Amino acid sequence: MKKIRPQDLAHFIDYTLLKADASQNQIKTICKQADKFGFKSVCVNPCWVKFCAKLLKNSLVKVCTVIGFPLGTSATKVKVFEAKEAIKDGADELDAVINIGKIKSNDYEYATKEIRYLRRISKGKILKIILETSYLNRNEIMKLCKITKKAGVDFVKTSTGFSSKGASIKAVKLMKKTVGNYPGIKASGGIAKYCEAIKMILAGATRIGTSRAIQIISGK
């Protein structure tokens with residue numbers, strides 16, 4: 001693989017700010033930085049979607065938001081409503097958390113239906129399904145990857161960044177082995193350095209979610 005320079009990583013990155021206390025000025029700052037450095041998207045909580053969409057109206061930077069975040073335990077109809085509202089407000093990409101408790105209860109039918117509902121109402125937008133791999137075993141990760149692939153989801157994502165562990169090379173490799181070239185794989189959670197981002201990409205990630213985007217593209 002051709003050597004990736006730090007600055008070349010920008011188009012892999014969803015520049016993320018999902019903290020509960022994120023202020024409007026902080027959201028405005030990441031939008032300006034994302035536009036300046038050419039990040040793929042800004043990933044913000046749903047209440048900021050309309051604000052970001054307005055700021056980035058004439059930019060190539062996409063507006064990404066989260067659904068059922070961070071636990072994934074909202075009822076499916078609540079997630080669907082949240083997704084519809086986000087799209088109405090101007091979201092280009094949706095990162096939706098799977099219901100992990102249902103997976104642990106071996107209820108894959110619930111997960112399948114939920115993913116299909118979200119795919120149906122997000123047609124024309126990018127949909128990423130967050131697996132929260134730190135809670136799942138190998139077989140559960142593989143099953144969910146196959147379900148998302150069959151449903152036509154655009155990305156499977158490792159983590160919310162709000163659980164006990166974030167992205168791991170092992171999980172990314174397993175996801176890549178299961179889905180092949182499609183859907184894409186978003187590694188997120190704890191990625192703070194250039195070398196960490198590169199390792200994730202070499203393992204199979206095609207998108208990186210991080211709040212440390214500036215640090216990463218500076219090569220630190």
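Bear in mind that the values here come from a model prediction, so they are computed numbers and not experimental data.

### Thoughts on the overall build of the protein chain
Helix and strand counts for the protein chain stand at nine helices and eight strands. Computed over the C-alpha atoms, the radius of gyration of the protein chain is 16 Å, within 12% of the 17 Å expected from 2.2 N^0.38 for a compact globule of 220 residues. On the principal axes, the C-alpha backbone points of the protein chain span a range of 45 × 40 × 30 Å. Looking at the 220 residues of the protein chain, the share that counts as buried comes to 52%. Nonlocal contacts in the protein chain, meaning residues at least 24 apart in sequence, comprise 69% of its contacts between residues at least 6 apart. Just so you have it, the protein chain exposes about 11000 Å², and 53% of that area is on carbon and sulfur atoms. Taking the average location of the 42 positive side-chain charges in the protein chain and that of its 17 negative ones, the two points are 5 Å from each other.

### Observations regarding the packing of helix H6 (residues 138-151) against helix H7 (residues 169-179)
At their nearest, the axes of H6 and H7 sit 9 Å apart, and the two run at 45 degrees to each other. Between H6 and H7, the interaxial angle falls into the category oblique. For the crossing formed where H6 meets H7, the hand is right-handed. Touching Arg-138, Ile-141, Met-142, Cys-145, Lys-146 and Lys-149 of H6 are Leu-174, Met-175, Lys-177, Thr-178 and Val-179, all from H7. Class assignment for the residues of the contact of H6 with H7 results in six nonpolar, one polar and four charged.

### What to know about the packing of helix H5 (residues 108-121) against H6
Contact geometry for H5 and H6: axes closest at 10 Å, N-to-C directions at 35 degrees. Both H5 and H6 take part in a crossing whose hand is right-handed. Counted together, Tyr-108, Ala-111, Thr-112, Ile-115, Arg-116 and Arg-119 of H5 and Glu-140, Lys-143, Leu-144, Ile-147, Thr-148, Lys-150 and Ala-151 of H6 form the full contact between these two elements. Grouping the amino acids of the contact of H5 with H6 by side-chain chemistry returns six nonpolar, two polar and five charged.

### Focus: the pairing of strand S3 (residues 62-67)
It is a general feature of regular strands that their side chains alternate between the two faces of the sheet. Burial runs high along S3: five of the six residues are buried. Sheet analysis places strand S2 (residues 41-44) next to S3, joined by four bridges and oriented parallel. Along S3, the bridge assignment pairs Ser-41 with Lys-62. Assessed by its sense of winding, the connection that carries the chain from S2 through helix H2 (residues 49-55) to S3 is right-handed. Of the pairings in the sheet, the one linking S3 to strand S4 (residues 93-97) comprises four bridges and is parallel in character. Among the inter-strand pairings, Val-66 is bridged to a residue of S4, identified as Asp-95. Remark: the S3/helix H3 (residues 76-89)/S4 crossover connection has right-handed handedness.

### As for the packing of aromatic side chains
In the structure shown here, the tally under the stated rule is four aromatic pairs. Relative to Phe-51, the ring of Trp-48 has its centre 6.1 Å away and its plane inclined at 65 degrees; by these criteria the two rings are edge-to-face. Taking 5.1 Å as the distance between ring centres and 85 degrees as the angle between the ring planes, the aromatic pair formed by Phe-69 and Phe-162 counts as edge-to-face. In this pair, Phe-69 sits in the loop between S3 and H3 while Phe-162 sits in the loop between strand S6 (155-157) and H7, placing the two residues 93 residues apart along the sequence. For Phe-162, a relative accessible area of 46% gives the class partly exposed. Cluster of aromatic residues (ring-pair linked, three or more members): Tyr-15, Phe-37 and Phe-39. Above the ring of Tyr-110, the side-chain terminus of Lys-102 is found at 4.6 Å from the ring centroid.

Analysis parameters
Residues numbered from 1 in each chain as written. Predicted model: local features only at pLDDT ≥ 70, side-chain atom pairs only at ≥ 80, totals over all residues. Heavy atoms only, no water. Helix = DSSP H or I, 4+ residues; strand = E, 2+ residues; numbered from the N terminus. Rg over C-alpha atoms; globule rule 2.2 N^0.38 Å. Buried < 20%, exposed > 50% of the residue type's maximum accessible area, 1.4 Å probe, protein only. Contact = heavy atoms within 4.5 Å. Areas by Shrake-Rupley, 256 points an atom, 1.4 Å probe, with all protein chains shown as cover. Lys, Arg positive; Asp, Glu negative; His and termini not counted. Charge placed at Lys NZ, Arg CZ, Asp CG, Glu CD. Axes fitted to C-alpha atoms, helices over the stretch in contact; angles between N-to-C directions. Parallel < 35°, antiparallel > 145°, perpendicular 65-115°, else oblique. Left-handed = near helix turned anticlockwise from the far one by under 90°. Nonpolar A, V, L, I, M, F, W, Y, C, P; charged D, E, K, R; others polar. Pairing = 2+ DSSP bridges. Right-handed = clockwise from strand over helix to strand, strands pointing away. Phe/Tyr/Trp six-rings, centres within 6.5 Å; stacked < 30°, edge-to-face > 60°. Lys NZ or Arg CZ within 6 Å of the ring centre and 35° of its normal.

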